[in-house]
Amino acid sequence: MVMKEKPTLRKKKEAFLETLRTHFKKQQLALHKVFPKKRMEMLDYVIYNLVATGIQAIHSKTLMQKFDVSQSTVSRFVKSLKETPFMIVARYIKEDTTGAHPDSYVFILKSHTNFDQICEEIFFDHDTTDIQTHQQEEMTSPVTSPDKSRKC
């Protein structure tokens, strides 16, 4: 009896990064050009958590401190992720105890096995057409169409 080995998180992360490489190659872009050094480090961190749970919520300040980058680098990183068809990227704005609204982002991996459940819990709905449409309207550069087969 042959036991099928479950892929480790590292293998899942590497497989997803390969999917990204292929996606950008088809667009005649290189992954390391879209995600230069510091942004690639952030991508590695976010993807590792995403392949495990399907969702990652993180403050922009946390990314800034963890990777020693500016707010504009975090913004460019988030914009680059938004431009891929593999995840939903949303801003999470919640007033903290000081009355400030710290920038937080929520990343949801469309290919994760719990995608529908995550969308149900986060958006209280399985239809994210409005979210995906709003996401496209916010972007200033051309983007690929979101994967229509995976909608919340």
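Data block above holds the structure.
Only a predicted model underlies this, so the values are computations on that prediction, with no experimental measurement involved. (Residues numbered from 1 in each chain as written. Predicted model: local features only at pLDDT ≥ 70, side-chain atom pairs only at ≥ 80, totals over all residues. Heavy atoms only, no water.)

Caption draft 1: Representation of the side chain of threonine 84. Structurally, the position occupied by threonine 84 is in the loop between α5 (71-82) and β2 (87-93). There is a polar contact of 2.8 Å between the side chain of threonine 84 and the backbone oxygen of leucine 81. Once residues within four sequence positions are removed from consideration, threonine 84 is found in contact with Leu20, His23 and Phe24. (Helix = DSSP H or I, 4+ residues; strand = E, 2+ residues; numbered from the N terminus. Polar contact = N/O pair within 3.5 Å; in protein donor to acceptor, adjacent residues only side chain to side chain. Contact = heavy atoms within 4.5 Å.)

Caption draft 2: Quick peek at the environment of valine 34. Within the secondary structure layout, valine 34 lies in helix α2 (residues 31-34). Valine 34 sits in the buried class, given a relative accessible area of 15%. For valine 34 and leucine 81, which are 47 residues apart along the polypeptide, the C-alpha to C-alpha distance reads 9.4 Å. Beyond its immediate sequence surroundings of up to four residues, valine 34 is in contact with Phe24, Leu29, Arg39 and Ser80. (Buried < 20%, exposed > 50% of the residue type's maximum accessible area, 1.4 Å probe, protein only.)

Caption draft 3: Broad picture of helix α6 (residues 115-123). Among the residues of α6, those classed as buried are Phe115, Ile118 and Cys119. All buried residues of α6 lie within an arc of 100° about the axis, which places them on one face of the element. Tucked into the core, α6 has its buried residues touching α3 (37-53), β1 (55-59), β2 and β3 (103-109). Among the residues trailing α6, phenylalanine 124 stands out with phi positive, at a value near 60°. (Arc of directions from axis to C-beta.)

Caption draft 4: Summary view of the pattern of salt bridges. Taken as a whole and assessed by the stated rule, the structure comprises 5 salt bridges. With a closest N to O distance of 3.5 Å, lysine 13 and glutamate 14 form a salt bridge. Among the residues examined, lysine 13 registers a relative accessible area of 9% and is labelled buried. In this structure, lysine 37 engages glutamate 41 in a salt bridge whose closest nitrogen and oxygen atoms are separated by 3.1 Å. With lysine 37 and glutamate 41 both in helix α3 and 4 residues apart, this pair spans about one turn of that helix. Residue classification places lysine 37 among the exposed residues on the basis of a relative accessible area of 62%. (Salt bridge = Lys/Arg side-chain N within 4 Å of Asp/Glu carboxyl O.)

Caption draft 5: Broad picture of the nonpolar core. Core analysis: the biggest nonpolar cluster contains 27 residues, and Leu43, Phe77, Met87 and Phe107 have the highest contact counts within it. Those elements that place two or more of their residues in this core are α1 (9-26), α2, α3, α4 (60-67), α5, β2 and β3. In terms of residue count, the dominant contributor to this core is α3 (6 residues). Apart from residues no more than four positions distant in its own chain, phenylalanine 77 is found in contact with Phe35, Arg39, Met42, Leu43, Val46, Leu63 and Phe107. Within the second largest apolar cluster, 6 residues are counted, among which are Ile88, Val106, Ile118 and Cys119. (Core = buried A, V, L, I, M, F, W, Y, C linked by side-chain atoms within 4.5 Å.)

Caption draft 6: Molecular detail of the packing of aromatic side chains. Using the criterion set out here, one finds 6 aromatic pairs in the structure. Centroid distance phenylalanine 24 to phenylalanine 35: 6.2 Å. Interplanar angle 65°. Geometry classified as edge-to-face. Of this pair, phenylalanine 24 sits in helix α1 while phenylalanine 35 is found in the loop between α2 and α3, placing the two residues 11 residues apart along the sequence. One exposure class covers both phenylalanine 24 and phenylalanine 35, and it is buried. One aromatic cluster is present, formed by Phe24, Phe35, Phe77, Tyr105 and Phe107 through successive ring pairs. (Phe/Tyr/Trp six-rings, centres within 6.5 Å; stacked < 30°, edge-to-face > 60°.)

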